[in-house]
Amino acid sequence: MVNITAAPNGKGVTRREFLAKGGTFGAVVALSGMMPLRAALAADARIAQAPLVDKGFASVRKIGEGLYATISDESKGIQTMCNGGFLAGKDAALLIEGYVTTAGAAFQFDALRMASQVPVKAALNTHYHFDHSLGNAFYGAKDIPLWAHAKVASRMAESYLPIQGITKTAMTGPVEKQAKEAQSETVREHLQSDLGMMNAVYDLVSSTVLSMPNHPLDPAALPLKVDLGGLEAILESFPGHSGTDIIVRVTAQNVVYAGDLIFNTVYPVCFDAQATMSGWRATLKTFASWDKDTLFVPGHGPICGQEGVRNLREVFDDLAEQAEKLHKAGVPRAEAEHRYAVPEKFKSLGIYAWGFTIGPAIAKLYEELESGKH
Ligand SMILES: [Zn+2]
């Protein structure tokens, strides 16, 4: 059994325990992580057929000159959980994501060292969410500057410190009660999936020493050009997923590290208080306007081209259409959140717990309809 998170008491959360408690991850991942590169992408000369390294829970693959993508497969372990990668120029390297454990961040750092010995300029959290930031302490210990949107440190503190101060029952109790009292089997199932996720988040957060970024990036000062020596990256901020999202764009090679602004083969995670449906859809419209050969490293799921952006836009369109219909029919918001029906064409998409994805998407679309933003 793999010990993935070393807790102060020496007791870690094992993968088996994690998957048992957060079974949702396992189920979703079985759909998303194991998907092979699509045929069209397999023919893309930028993507190396053989990975630089593959540890099961994640593999690292060359996707351009000095560009590498780290793609997670949570069905085989949750050391990394999200995707990321690194850029290595002649003079310096940029690491992307802190991952969910220090072991995940260490894995990516070791992969960088297999490819290049240049000094590391920085590691970037594309946003504050736990699966992208709980492994940050690894960079702190290595004196690697940690970059992120200026709001990441405070959002991490606000979101995760309170969890560290309470028992698991205090966190999950109210939802357990709701699940028990649920009027329908559908609602009960949705709440059960949320409980799986909450248990997982509690275990991960409570066994981690939080490590905040020490180099806040003021969104007003973006885009920011980062010169790594013959390799230029641009950091840009876009609305949508978390209110703290930053992407890494290498325009000379049409490669974009999109963070969680792109979910590929899974429903988008929309629970964040700062997530905005209209903002996210506008961001995806912008991505769609970029070069037709753009390669995107999504936050979750396999690497994609513009078809990944198209697919995700269709998912948002469907969420919006169904929300609008329910709203017109006078279905109250709390009920509408559970009434969305996954259409046949999206049946293969993974769902990271209803209350983190579809439920809040419908709620936010309702808010937008009612405030006239839609
Ligand atoms: Zn996220």
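Just so we're clear, the structure is a prediction, and the values are computed from it rather than from any experiment.

A. Quick peek at the overall build of the chain. Secondary structure summary: the chain contains 13 helices and 15 strands in total. A buried classification covers 50% of the 374 residues belonging to the chain. The contacts in the chain between residues at least 6 apart in sequence include a share of 65% that link residues at least 24 apart.

B. View of the packing of helix α7 (residues 152-164) against helix α9 (residues 185-206). Interhelical geometry of α7 versus α9 gives an angle of 85 degrees and a closest axis separation of 9 Å. One element, α7, and the other, α9, form an angle in the roughly perpendicular class. Here α7 contributes Y160, I163 and Q164 to the contact with α9, which in turn contributes Y202, V205 and S206.

C. Inspection of the confidence of the model for the chain at higher detail. Within the chain, residue pLDDT values average 91, and 89% of them lie at 70 or more. Across residues 1-24, confidence stays below pLDDT 50; counting only partners more than four residues off in sequence or on other chains, it has 49 contacts. Long-range and interchain partners of residues 29-36, a stretch whose pLDDT sits below 50, account for 20 contacts in this model, where long-range means more than four residues apart.

D. Focus on the sheet that holds strand β4 (residues 58-64). Judged by pairing direction, the sheet is mixed, and its 8 strands sit side by side in the order β3-β4-β5-β6-β7-β8-β9-β10 without closing on themselves. Two strands in the sheet have a free side with no partner beyond their single neighbour: β3 (53-54) and β10 (215-217). Note that strand β8 (residues 120-124) and strand β9 (residues 146-149) share 2 bridges and pair parallel. Within β9, the residue paired with L124 across the bridge is W147. The sheet strands contacting helix α4 (residues 102-115) are β3, β4, β5 (67-72), β6 (84-88) and β7 (93-96), and the helix crosses β6 at an angle near 30 degrees.

E. Quick peek at the sheet that holds strand β14 (residues 255-263). Strand order in this open sheet of 5 strands is β11-β12-β13-β14-β15, and the pairing throughout is mixed. Looking at strand neighbours, the two that pair on one side only are β11 (224-227) and β15 (295-300), the edges of this open sheet. Taken over all neighbouring pairs, the strand axes of this sheet differ in orientation by 30 degrees on average, direction set aside. Sitting on the sheet, helix α11 (residues 306-328) is in contact with β14 and β15, with an inclination near 20 degrees to β14.

F. Expanded view of the environment of Y68. Along the chain, the position of Y68 falls in strand β5. Judged by the 28 C-beta atoms lying within 10 Å of it, Y68 falls in the buried class. Each residue touching Y68, except ones within four places of it in the same chain, is listed here: L52, V60, R61, K62, I63, G85, F86 and A115.

G. Just helix α10 (residues 277-289), in detail. In this model α10 runs 19 Å from its N-terminal to its C-terminal C-alpha over 13 residues, within 8% of the 18 Å that 1.5 Å per residue would give. By the burial criterion, the buried members of α10 are M277, W280, T283, L284 and F287. Axial view of α10: buried residues confined to an arc of 125 degrees, hence all on one face. Facing away from the buried side of α10 by over 90 degrees, the exposed positions are K285, T286 and S289. The inward-facing, buried residues of α10 contact β14, α11 and α13 (358-371).

H. Geometry of the nonpolar core. With 103 residues, the main nonpolar core has L87 and L94 as its most contacted residues. Look past the residues within four positions of L94 in its chain and what remains in contact with it is F86, L87, K121, A122, L124, V226, L228 and A233.

I. Focus on the pairing of β15. With 6 of 6 residues buried, β15 lies mostly within the body of the structure. Pairing geometry for β14 and β15, over 5 bridges, is parallel. Bridging from a neighbouring strand, V256 pairs with F296 of β15.

J. How the structure looks around unusual backbone geometry. Between L222 and P223 the backbone carries a cis peptide bond, its omega angle lying at 0 degrees. Inspection of the secondary structure assignment puts P223 in the loop between β10 and β11. A positive phi angle, close to 60 degrees, is found at Y99, a residue other than glycine. With respect to the element layout, Y99 can be found in the loop between β7 and α4.

K. Spatial organisation of α11. Between its first and last C-alpha, α11 extends 33 Å over 23 residues, near the 33 Å set by a 1.5 Å rise per residue. By the burial criterion, the buried members of α11 are G308, V309, L312, V315, L319, Q322, A323 and L326. Its buried side turned inward, α11 meets β14, α10, β15, α12 (333-336) and α13. Phi for G330, located one or two positions after α11, is positive at around 80 degrees.

L. A look at the environment of K55. Of note, K55 is situated in the loop between β3 and β4. Here K55 falls in the partly exposed class, since 18 other C-beta atoms lie within 10 Å of it.

M. Main features of the pairing of β8. In terms of burial, β8 is largely enclosed, as 5 of its 5 residues are buried. Sheet topology places β7 next to β8; 4 bridges connect them, and they run parallel. Considered in β8, the bridge of I96 is made with L124. Each parallel crossover has a hand, and for β7 linked through α4 to β8 it is right-handed.

What counts as what
- Residues numbered from 1 in each chain as written.
- Predicted model: local features only at pLDDT ≥ 70, side-chain atom pairs only at ≥ 80, totals over all residues.
- Helix = DSSP H or I, 4+ residues; strand = E, 2+ residues; numbered from the N terminus.
- Buried ≥ 20, exposed ≤ 12 C-beta atoms within 10 Å, placed from the backbone.
- Contact = placed C-beta atoms within 7 Å.
- Axes fitted to C-alpha atoms, helices over the stretch in contact; angles between N-to-C directions.
- Parallel < 35°, antiparallel > 145°, perpendicular 65-115°, else oblique.
- pLDDT = per-residue confidence, 0-100.
- Pairing = 2+ DSSP bridges.
- Expected span 1.5 Å × (residues − 1).
- Arc of directions from axis to C-beta.
- Core = buried A, V, L, I, M, F, W, Y, C linked by C-beta atoms within 7 Å.
- Right-handed = clockwise from strand over helix to strand, strands pointing away.

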